[in-house]
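# Structural overview for review
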Amino acid sequence: MVTRPGGVLEELADAHALKAAAVLVTVVGAVLEGGRSSDTELAAFVPSLHAALEECVGIMAADRER
């Protein structure tokens, strides 16, 4: 299979990235609602949240270019 930008494999990767981001949002939301996490525990989520946000922004930018 030959891959190309905007092809099926890219769409599958985007769908996977969006599902992973949605799971991360759910987990972080549950932690925040619990209200008992320390700043250190909450800070542990920052790199993952940043990476997910960066990937989602990249997906949106690519969609806009199509």
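It should be noted that the structure appears before, not after, this text.
Residues numbered from 1 in each chain as written. Predicted model: local features only at pLDDT ≥ 70, side-chain atom pairs only at ≥ 80, totals over all residues. Heavy atoms only, no water.

Secondary structure summary: the chain contains three helices and zero strands in total. Helices (α) and strands (β) of the chain occur, in sequence order from the N terminus, as α-α-α. The principal-axis extent of the C-alpha atoms belonging to the chain is close to 50 × 20 × 15 Å. When each of the 66 residues of the chain is scored for burial, the buried share is 14%. (Helix = DSSP H or I, 4+ residues; strand = E, 2+ residues; numbered from the N terminus. Buried < 20%, exposed > 50% of the residue type's maximum accessible area, 1.4 Å probe, protein only.)

Core analysis: the biggest nonpolar cluster contains five residues, these being A21, L24, V28, A52 and C56. For this core, the leading source of residues is helix α1 (residues 8-34), giving three residues. If we skip the residues at most four places from it in the chain, V28 touches F45 and L49. (Core = buried A, V, L, I, M, F, W, Y, C linked by side-chain atoms within 4.5 Å. Contact = heavy atoms within 4.5 Å.)

A rise of 1.5 Å per residue sets the reference length of helix α3 (residues 46-65), with its 20 residues, at 28 Å; its end C-alpha atoms lie 29 Å apart and thus fit the reference within 8%. Turning to α3, its buried residues number three or more, namely A52, C56 and I59. Projection of α3 onto a plane perpendicular to its axis shows the buried side chains occupying an angular sector of 55°, all on one side. Within α3, the exposed residues directed more than 90 degrees away from the buried face are V46, P47, H50, L53, E54, R64 and E65. Elements in contact with the buried residues of α3: α1. (Expected span 1.5 Å × (residues − 1). Arc of directions from axis to C-beta.)

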